[in-house]
Each structure stands twice: as C-alpha cells, then as structure tokens.
Amino acid sequence: MSFTRRAFCTGLAAVPLTRPAWAQAEAPRLTARTATIQLAPEGYPATEVWSYDGLLPGPQIRAQQGSRLSRRLVNDLQVPTSVHWHGIRIDNAMDGVAGLTQEPVPPGASFDYAFDLPDAGTYWYHAHTNSMEQVARGLSGALIVEENAPPDVDRDEVLMLDDWLLDPETGGFAGDFEAPMMRSHAGRMGNLTGINGRFDFSLEAQQNERLRLRLINAANARIFVLRLEGMTGWTVALDGMPLAQPEPVSAEIILAPAQRVDLIVDVTAEEGTPAALLSYADDDSWQALAEVTVSGLKSAAPRAAPAPLPPNPRMQVPGVAEAELREMRMEGGAMRGMASGRFEGQDMDFQQLVQRGQFWALAGQVGRGEAPFARYARGETARIRLVNDTVFPHAMHLHGMHFRTVAADGSLGPMRDTVLVMPQESAEIAFVADNPGKWLLHCHMLGHAASGMTNWIEVA
Ligand code: C2O
Ligand code: CU
C-alpha cells in the first residue's frame, strides 16, 4: 500500500513537529546578475550594474525578530560571489566571507543561506567576494529586522545612501577598481551620490508626520555628513542596536561606510517650505540628498518625544576593566606609509608591499594572515584599542558581534558594529566574544580592506 498524502500527514501528526530536511521548501532566491539601471540623470546613458534580482539597491528584505531567514543565492554573474549579512549576529558558516567562512559561489552555482535573526534593527547585505568591486557595482541591499513591538510612527522608510563613480560618456563604472591612487588614499569616491539608486530621491510628507528613517551607508568609501532641514529628529538606534534613550539630533550626523542610523523625525516644515536630508557635498555646500515635499497637515500639534526602542538581547558588556587590552595599530597609506608589514607569510618593506598593490597594515599584518589577530575563549570579554597611525579616517567593522566603544574614563558607548577612527586618533572597543567562529575585523573603506586593512579574530 502506498501512502496517500492525507494518510501520510495524519501519520505524522502523532510525532513531534520537527520538519525533516527533505520537507523544507526551497528558500526564496536572491539572484546576482547584471542589469541596466538609469543611475545618472536623464540624458546620460544607463549603467550596467551587478545587481541582486535586477534591482539597485537589491530587494529590501524584511523579517521579524526571532525568525529564521533563508535565501538561495543564485550566481548568474560571470564571477564568483558570496553574500555577507552585515551586522547580523549570525552563525559563522553563514557569514559569507569568501575564503574564510565559505568558498565563493562560482558562476552558475548557488548557495543556501539560512540563519536566525536574534536582533531587531537596520542591517544590510552585500557581496563579500572581491567586495571592493562587487559592492561598487551594485551588490547590496537593506535587511530590516522588525521589532515585535514596533515604535509608534506614521511611516518607516529605508534610505540606502550610496555613491557611484560613473563615466558620463558611457554611463559605465569609471576607472580601475584596483587603482593604487584610490586604494592608498581615501578610497573610491563616486562622482554621483544618491539614495535607493536615485540621485534625485525624494519623499512626500505632511506637516507633523512622524517618520522612521533608516539610513544605511552602502558607499565604498564616502563618509556622509548629514543634517536635517524642516524636521526635528531623534537618533533611536546605531548599527541596528537601540539606544537606551533616544537622542535629539542637534548636530551633524556622521555616517561612515557600512554604518546605519535609525532616526525618528517629525516634519516641522509647513506646506511649501523646504524640508530635506542635507548632505555636505564635495564643493563645500549643503545639498539635498533627499528632498521632502510637504503638503497638508498630519495632526494639529507635534507629538511628544519618542520612547526608546525595545532593547535587543545580549547588549551588556561586563568585565571591561579586567579584560586584556590588545592594540591594533593601523598603518600605511599615502603620505605616511609604514616601515614594514607581513604579507602572505613574508615580512616586506613598504616598497615591496606597494609593488604588490598593498598599502595598509593592521597590527603589522597586511591582508588576512594565517593566524588571527587574537583568539578568545567563548564568553570572554575582548578589548581592543584601534590606533590610527595614518592620515586617513577608517571605518572599522567587526563581523559576528557588536561592540561598545570604551571612553577614556572607562564608560561604555553605544553598541555598534562599525566605528569611525579619525586620523591620529584611537578608539577602544569592547565586546563579549560569545559567537564562535572566525570573524573579520576590517576597514569598511573597501579599497583599504582590499589592499591590506583586513584582519580577523577567532572565538572558540
Ligand atoms: Cu559589511 Cu566585512 O563587511
Ligand atoms: Cu580604511
């Protein structure tokens, strides 16, 4: 006798409801492929990009905190690729780092990602195989993990800030991705900035409307300096993690590559008066990166200040004072260089490194070495001082765990996954090494990461 579907289901009802592996539906696809997108203003040629699902930015992924996310990456590009889920405290095998946590996915092949989402917040995903070029060509998208009790706002808007270096004649990506000039300086800066793939991004809103703005800096190297016009706002989360108390936005918002900020803003401008997200431009002027067109009135009076977002789990970092302090010196780059560094198992002077297209070192190591920068026992509190001995700012990102900055007086800052370290300054970070595996610690100016500024730690 063969099972009918009905009999089969009935039979299973008596056993615990764990789904056998073969019963799992195929995960939704995320296809890396080329696409043609009008990035430059009308009148200029369109751009051939590398995209997820033909979109730039890639499709916005939304999921509930505590749920499990799965995606089948299908590689329809001509080059190998992989996906990193930036900021997710993820299972190491799903972290997407080619050569460290997985083999890159060859053209025509696929890879199944599936992982739990322990934290609510604003995250993003991007290529992590030759990311310098792949992210610049368009392989990134937003990953939003919703709170089970979301804040009281009228609308939730995701704004992916980016820049593109385009050739105005052809519309194609300009320049050489390996260009030493960019790698040894501030990185690959675009000649066109925009939001959600549009240089002229705009929003419509009503006076006294309350918006949650989730800003994500997906640029290769650009540090956005932002201001609100015609809106008052509060910062409620950084790099996905809620602040204990919303902080009024009183000064510029500095958003380094890979960083996120969640704002709750009230539109204060009256109909017909300007409102915008302003960005400090290369020509020293303030320009509207997002124009907000105000029409009508949402409510007669502005609302009271917002409540904090619900905290995520595991946000405490105990034992910082007793933790062993390790120093990671950042060296190299134009105007400064370095005496020597270790590259592919050999000690080399700066000249030898430059000949190999390498310009930077983290703790004397140029690029990912055989041995990690540090090994931590699972659950140990880690403390690292990042010392910037270069003349450029660097946005240092830790995979797999969020950290807190440690101020000179020992007090702890907000929980983040990417910290901007200014030239000749240092930043101290501390975190509980509670996620086992091999985790990158690298500069998110992706040209720097590709030319030396990539190291890693191991939690066992
Ligand atoms: Cu967002 Cu190692 O990267
Ligand atoms: Cu850097």
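Residues numbered from 1 in each chain as written. Chains lettered and ligands numbered in written order. Predicted model: local features only at pLDDT ≥ 70, side-chain atom pairs only at ≥ 80, totals over all residues. Heavy atoms only, no water.

So, the environment of Ser-295
Rule in force here: Each helix is a run of H or I in the DSSP string that is no shorter than four residues. Each strand is a run of E no shorter than two, and both are numbered from the N terminus. Buried means the residue's accessible area, taken with a 1.4 Å probe over protein chains only, is under 20% of the maximum for its type, while exposed means over 50%, and partly exposed covers the values in between. A contact between two residues is defined here by any heavy atoms of the two lying within 4.5 Å.
Mapped onto the elements, Ser-295 comes out in strand β19 (residues 286-297). Exposure remark for Ser-295: the relative accessible area of 41% places this residue in the partly exposed category. Separated by 61 residues in sequence, Ser-295 and Arg-356 place their C-alpha atoms 57 Å apart. Sequence-distant contacts of Ser-295, defined by excluding residues within four places in its chain, comprise Ala-205, Gln-206 and Glu-271.

Details of the confidence of the model for the protein
Note the cut-off: Scored between 0 and 100, pLDDT is the confidence that the predictor attaches to each residue.
Per-residue pLDDT for the protein has a mean of 94; in total, 95% of the residues score no lower than 70. Within the model, the stretch residues 1-17 combines pLDDT values under 50 with two contacts to residues more than four positions away or in other chains.

Re the pairing of strand β29 (residues 412-416)
Here is the rule we go by: A strand pair is defined by DSSP finding two or more bridges across the two strands.
In this structure, strand β28 (residues 403-406) lies alongside β29, joined through three bridges in antiparallel fashion. Bridge pairing links Phe-403 to Arg-416 in β29. The antiparallel hairpin formed by β28 and β29 contains five residues in its connecting segment, where Gly-410 sits at a positive phi of about 90°.

Examining the nonpolar core
Condition: Each nonpolar core is a collection of buried residues, namely Ala, Val, Leu, Ile, Met, Phe, Trp, Tyr and Cys, held together in the definition by side-chain atoms within 4.5 Å.
Of all hydrophobic cores here, the largest spans 61 residues; its most connected members are Trp-85, Met-396, Phe-431 and Ile-457. Apart from residues lying up to four places away in sequence, Trp-85 is in contact with Leu-30, Ile-61, Leu-69, Arg-71, Ile-90, Met-94, Asp-95, Tyr-113, Phe-115, Trp-124, Tyr-125 and Leu-143. Phe-201, Leu-228, Val-265 and Ala-275 belong to the second-largest nonpolar core, a separate cluster that totals 29 residues.

Things to note about the environment of Val-97
Within the element layout of this structure, Val-97 appears in the loop between β5 (83-86) and β6 (110-116). As for Val-97 and Val-153, which are separated by 56 residues in sequence, their C-alpha atoms are 36 Å apart. For Val-97, the contacting residues outside a window of four places in its chain are Gln-102, His-128, Arg-368, His-399 and Leu-440.

Focus on the pattern of salt bridges
Stated formally: Only one rule defines a salt bridge in this text: a Lys or Arg side-chain nitrogen within 4 Å of an Asp or Glu carboxyl oxygen.
The tally for this structure, following the rule as stated, stands at 33 salt bridges. The closest approach of N and O atoms between Glu-147 and Arg-212, which form a salt bridge, is 2.9 Å. Of this pair, Glu-147 sits in the loop between β8 (140-146) and β9 (155-164) while Arg-212 is found in strand β12 (residues 210-217), placing the two residues 65 residues apart along the sequence. Overall, Glu-147 belongs to the buried group, its relative accessible area being 4%. Salt-bridge contacts for Arg-214 lead to Asp-156; the nearest nitrogen and oxygen are separated by 2.9 Å. Taken together, the positions of Arg-214 in strand β12 and Asp-156 in strand β9 put the pair 58 residues apart, joining distant regions of the chain. On the basis of relative accessibility, which here comes to 1%, the residue Arg-214 falls in the buried class. Each of Arg-62, Glu-146, Glu-147, Asp-156, Arg-212, Arg-214 and Asp-262 takes part in one network of salt bridges that share partners.

Quick notes on the sheet that holds strand β27 (residues 394-398)
Counted only if it meets this: Note on geometry: axes are lines fitted to C-alpha atoms, helical ones only across the stretch in contact, with angles between N-to-C directions running from 0 to 180 degrees.
The mixed open sheet is built from five strands, whose spatial order is β25-β33-β32-β27-β30. Of all the strands in the sheet, just β25 (374-376) and β30 (418-421) have a single pairing partner and so form its edges. Between one strand axis and the next, the sheet turns by 20° as a mean value, whatever way the strands run. Bridge count for β27 against β30 is four bridges, and the pairing is antiparallel. Paired with Met-396 across the strands is Val-419, a residue of β30.

Observations regarding the sheet that holds strand β2 (residues 47-52)
Adjacent strands of a sheet form backbone hydrogen bonds with each other and so pair up, either parallel or antiparallel. Across the sheet, four strands lie side by side as β2-β1-β4-β6; this open sheet has mixed pairing. Each edge of the open sheet carries a strand with a single partner, namely β2 and β6. Sheet twist, expressed as the mean angle between neighbouring strand axes with direction ignored, is 25°.

Structural notes on the packing of aromatic side chains
What counts, and what does not: Only Phe, Tyr and Trp rings take part, Trp by its six-membered ring, and two of them pair if their centres are within 6.5 Å. Stacked means planes under 30 degrees apart, edge-to-face means over 60, and tilted covers everything else. Only when the NZ of Lys or the CZ of Arg is both within 6 Å of the ring centre and within 35 degrees of the ring normal is a charge said to sit over the ring.
Enumeration over the complete set of coordinates arrives at eight aromatic pairs. Each ring, one from Trp-85 and one from Tyr-113, has its centre 5.5 Å from the other, and the planes form 70°; the classification is edge-to-face. Pair noted here: Trp-85 is in strand β5 and Tyr-113 is in strand β6, with a separation of 28 residues, a long-range link. For the pair Trp-85 and Tyr-113, one class covers both residues: buried. With 5.2 Å between their ring centres and 65° between their planes, Tyr-280 and Trp-286 make a pair best called edge-to-face. Residue Tyr-280 is classed as partly exposed on the basis of its relative accessible area, which comes to 38%. Residue classification places Trp-286 among the partly exposed positions, given a relative accessible area of 28%. Three or more aromatic residues joined by ring pairs form one cluster here, namely Tyr-52, Trp-85, Phe-111, Tyr-113, Phe-115 and Tyr-125. Note that Arg-137 overlies the ring of Trp-50, its terminal NZ or CZ placed 4.7 Å from the centroid. Taking the ring centre of Trp-286 as reference, the NZ or CZ of Arg-227 above it sits at 4.0 Å.

So, the side chain of Glu-147
The line we're drawing: N or O atoms closer than or at 3.5 Å make up a polar contact, with two conditions inside protein: a donor-capable atom paired with an acceptor-capable one, and, for residues adjacent in sequence, both atoms drawn from side chains.
Side-chain polar atoms of Glu-147 contact the side chain of Arg-212, separated by 2.9 Å. Sequence-distant contacts of Glu-147, defined by excluding residues within four places in its chain, comprise Gln-64, Gln-65, Ala-120, Arg-212, Arg-214, Leu-309 and Pro-310.

Examining the environment of Val-294
Inspection of the secondary structure puts Val-294 in strand β19. Remark: the alpha-carbon pair of Val-294 and Leu-398, spanning 104 residues in sequence, is separated by 39 Å. Filtering out sequence-adjacent residues up to four positions away, Val-294 remains in contact with Ala-205, Gln-206, Gln-207, Val-267, Ala-269, Glu-270, Glu-271, Gly-272, Thr-273 and Ala-275.

What to know about unusual backbone geometry
In this structure, Pro-57 follows Leu-56 across a cis peptide bond, with omega equal to -5°. As for its placement among the helices and strands, Pro-57 is situated in the loop between β2 and β3 (61-64). You will see that Asp-53, though not glycine, has its phi angle at about 60°, which is positive. Here Asp-53 lies in the loop between β2 and β3. A relative accessible area of 27% means that Asp-53 is categorised as partly exposed. Positive phi outside glycine occurs at Asp-284, with the angle close to 70°.

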